[in-house]
Amino acid sequence: MANSITITDNRTGECLEIPIADGGIDAQQWTKLLPGIWFFDPAFGATAAAASAITELDGERGILRYRGYPIEQLAQSSSYLEVAYLITHGELPSPAQFEDWRYEITHHTFIHENVRKRFMEGFHHDAHPMGMLVSAIAALSTFYPEAKNIHDPAVRQKQIIRLIAKMPTIAAGCHRFSVGMPFVYPDNSLDFAANFLAMMWKTAEPRFDANPVLARALDVLFILHADHEQNCSTTAMRVVGSAHADPYTATAAACAALYGPRHGGANEAVIRMLNEIAELENVDSYIAAVKRGETRLQGFGHRVYRSYDPRAAIIKETAHDVFEITGKNPLLDIALKLEEVALGDDYFISRELYPNVDFYSGLIYQAMGFPIEMFPVLFAIPRVAGWLANWVELLEQDARIARPRQLYVGNPPRDYVPIGERQ
Ligand code: CMC
């Protein structure tokens, strides 16, 4: 059996055989036979926009692997910093490589005082931290003009280290500003997650030591969110990166995409939904409203996962560890009931809708004391590793600028009418 597809232009009888490679067919071949006829796929539902060696996602079987390593093993045994190295370098680090990496990240956590004092403090007092984060990342581009040398691997590596290192500092700074608390500088003696928690919560104590269970839980959440192949924000990163924008500008674009409630904003939307449901007895009527199409069940459904989201399974476990320290989030019972009702309902079964990563992550973040506005920010901190890995891959593949075609459905040609002659 030939591993190929044959297409026939029924207008002319012409045929073209296109080989199937890595599960796809080359659209350039198609255009040879059918110039001017485009695939209409506005949400990329049937389009592979990249050939990537970073993350493998099998939605039918609920599989997620970074560089070949199963997410379950990484969540169990690795750390976010090690996973960020794996994703951006392609291999797990040796002990010496890891020590260098940890040192470099730790020593790039400070941000320029002008970013903090003049830029971030210029926001309105109740600015959403995700809006602040998007803007602050873009502003970094003006502080590191050498970042424009995107074809120099050493320059690229420097910006990768800066971005991964500075994300927690900026993120915590956004929170501190929005609650009127003084900025906390990074503490180089703490590890990645513990340092972030210290910058979030430190008050008058000389050193803030986060609860190790909570710091580990956050690190696991960072691992789970580090990459997720060609999602909306990664696609934004690749599209902007394909124009050869600098990595800060491209990351700001990716972060802006992540802000949306259909993507990284969904964990925030889940808590708002659970608050709206408020009581267990309201679950059935909420599900009925979802089925009538009046609203969506936030934290449910995924474009790719059609059986279950493996991240959601790990997060559910992590939630138990966190709740043992913080006490149970009172919204948990409503979430569990919603999940139970939805998983037994034909509407959700027939559409293959299961809890995704966001269904439980918000409950953990809330139990740990994060305000809900910080939830998408918590998603963005680790995802920067995935965005940057995709950006480097794109540049190394020497990809052409992203430039899709359109199907024009507007007016036919017509003549301009001077304003005085228009009806
Ligand atoms: N609640 C109720 N119905 C849903 C939901 C939902 N959450 N998601 C999809 N559907 C229905 C939808 O109405 C449609 O039904 P029908 O065939 O009768 O028109 C069918 O399922 C297919 O939906 P779709 O909109 O074509 O699916 P999509 O692949 O375009 O959307 C999604 C994927 C994640 C945007 C969507 O499932 C959704 O809006 N979920 C809620 C938001 C959410 O949890 N987002 C986080 C995604 S995971 C983290 C991340 O990647 O950022």
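Since the model is a prediction, treat every value here as computed from it, not as a measurement. (Residues numbered from 1 in each chain as written. Predicted model: local features only at pLDDT ≥ 70, side-chain atom pairs only at ≥ 80, totals over all residues. Heavy atoms only, no water.)

1. With respect to the environment of Glu279
With respect to the secondary-structure elements, Glu279 resides in the loop between helix H12 (266–277) and helix H13 (283–291). On the accessibility criterion, Glu279 (42% relative accessible area) is partly exposed. Sequence separation between Glu279 and His244 is 35 residues, and the spatial gap between their C-alpha atoms is 51 Å. (Helix = DSSP H or I, 4+ residues; strand = E, 2+ residues; numbered from the N terminus. Buried < 20%, exposed > 50% of the residue type's maximum accessible area, 1.4 Å probe, protein only.)

2. Comments concerning the domain arrangement of the protein chain
Taken domain by domain, the protein chain comprises domain 1 (4–58), domain 2 (71–262 + 376–396) and domain 3 (266–367). Domain 1 and domain 3 are separated by 37 Å when their C-alpha centres are compared. (Domains from an automatic or database assignment.)

3. A look at the packing of helix H7 (residues 153–178) against helix H8 (residues 192–201)
Packing of H7 against H8 brings their axes to within 8 Å, and their N-to-C directions diverge by 20°. Classed by the angle they form, the pair H7 and H8 counts as roughly parallel. Here H7 runs over H8; the crossing is right-handed. Mapping the contact onto sequence places Ile164, Pro168, Thr169, Ala171, Ala172, His175 and Arg176 in H7 and Phe192, Phe196, Met199, Met200 and Trp201 in H8. (Axes fitted to C-alpha atoms, helices over the stretch in contact; angles between N-to-C directions. Parallel < 35°, antiparallel > 145°, perpendicular 65-115°, else oblique. Left-handed = near helix turned anticlockwise from the far one by under 90°. Contact = heavy atoms within 4.5 Å.)

4. Details of the packing of aromatic side chains
Enumeration according to the criterion identifies 18 aromatic pairs in this entry. Aromatic pair Phe192 and Phe222: ring centres 6.0 Å apart, planes at 80°, arrangement edge-to-face. Of this pair, Phe192 sits in helix H8 while Phe222 sits in helix H9 (residues 212–224), and the two are 30 residues apart along the sequence. Across the pair, exposure class does not vary: Phe192 and Phe222 are buried alike. Relative to Tyr360, the ring of Phe359 has its centre 5.0 Å away and its plane inclined at 90°; by these criteria the two rings are edge-to-face. We classify Tyr360 as buried; its relative accessible area is 2%. For the cation-ring pair, Arg351 lies above Tyr347, with the distance from its terminal atom to the ring centre recorded as 3.8 Å. (Phe/Tyr/Trp six-rings, centres within 6.5 Å; stacked < 30°, edge-to-face > 60°. Lys NZ or Arg CZ within 6 Å of the ring centre and 35° of its normal.)

5. What about a nonpolar patch on the surface?
On the surface, a nonpolar cluster with roughly 370 Å² of combined accessible area is contributed by Phe40, Leu407 and Val409. Along the chain, the position of Val409 falls in the segment after helix H18 (375–396). (Patch = residues over 30% accessible without salt bridge, like charges linked within 9 Å, V, L, I, M, F, W, Y side chains within 5 Å. Areas by Shrake-Rupley, 256 points an atom, 1.4 Å probe, with all protein chains shown as cover. Salt bridge = Lys/Arg side-chain N within 4 Å of Asp/Glu carboxyl O.)

6. So, the site of the ligand
Around the ligand sit 20 residues in total, of which His263, Arg296, Leu297, Gly299 and Arg303 are the nearest. Take Leu297: an N or O atom from its main chain is 2.7 Å from a nitrogen atom of the ligand. Between the ligand and Arg351 there is a distance of 3.0 Å, counted from an oxygen atom to a side-chain nitrogen or oxygen. Across the complex, the protein chains shield 74% of the 940 Å² of accessible surface that the ligand would expose by itself. Looking at the shell around the ligand residue by residue, the class counts come to eight nonpolar, seven polar and five charged. (Near = heavy atom within 4 Å. Polar contact = N/O pair within 3.5 Å; in protein donor to acceptor, adjacent residues only side chain to side chain. Nonpolar A, V, L, I, M, F, W, Y, C, P; charged D, E, K, R; others polar.)

7. Section: the side chain of Arg116
Mapped onto the fold, Arg116 is located in helix H5 (residues 113–119). Side-chain polar atoms of Arg116 contact the side chain of Tyr185, separated by 3.2 Å.

8. Notes on the pattern of salt bridges
Side-chain pairing between opposite charges can occur once the charged atoms of the two side chains come close. All told, the structure shown has 19 salt bridges when counted by the stated rule. Between Glu339 and Lys316 there is a salt bridge, with its nearest N and O atoms 3.4 Å apart. Of the two residues, Glu339 is situated in helix H15 (residues 332–343) and Lys316 in helix H14 (residues 310–326); the sequence distance between them amounts to 23 residues. Taking relative accessible area as the criterion, Glu339 reaches 11% and is therefore assigned buried. For Lys316, a relative accessible area of 29% corresponds to the partly exposed category. Each of Glu113, Arg116, Lys117 and Glu121 takes part in one network of salt bridges that share partners.

9. Remarks on the packing of H7 against H18
When two helices pack together, their arrangement is captured by the angle between the axes and the distance separating the axes. Across the interface, H7 lies against H18 with an axial gap of 9 Å and an inter-helix angle of 170°. It follows from the interaxial angle that H7 and H18 lie roughly antiparallel. Along its contact with H7, which presents Arg156, Ile160, Leu163, Ile164, Met167, Pro168 and Ala171, the element H18 presents Val377, Ala380, Ile381, Val384, Ala385, Leu388, Trp391, Val392, Leu395 and Glu396.

10. Considerations on the state of the cysteines
In the structure shown here, the tally under the stated rule is zero disulfides. In this structure Cys232 is a free cysteine whose sulfur lies 12 Å from that of Cys255, the closest cysteine sulfur available. The thiol of Cys255 is not disulfide-bonded; the next cysteine sulfur, from Cys174, is found 9.3 Å away. With relative accessibility at 0%, the residue Cys255 sits in the buried group. (Disulfide = S-S within 2.5 Å.)

11. What to know about the sheet that holds strand S4 (residues 63–66)
Pairing is antiparallel in the open sheet, where three strands are placed in the order S3-S4-S5. At either end of the open sheet lies a strand with only one pairing partner, and these are strand S3 (55–58) and strand S5 (69–70). Across two bridges, the pairing between S4 and S5 is antiparallel. Within S5, the residue paired with Arg65 across the bridge is Pro70. (Pairing = 2+ DSSP bridges.)

12. Describing helix H4 (residues 95–106)
If you check H4, its first and last C-alpha atoms are 16 Å apart, about what 12 residues at 1.5 Å a residue would give, namely 16 Å. What H4 keeps buried is the set Trp101, Ile105 and Thr106. One side of H4 holds all its buried residues, which, seen down the axis, span an arc of 125°. In H4, the exposed positions that point more than 90 degrees away from the buried face belong to Ala96 and Asp100. As for H4, its buried residues are in contact with helix H3 (80–89), H7 and H8. (Expected span 1.5 Å × (residues − 1). Arc of directions from axis to C-beta.)

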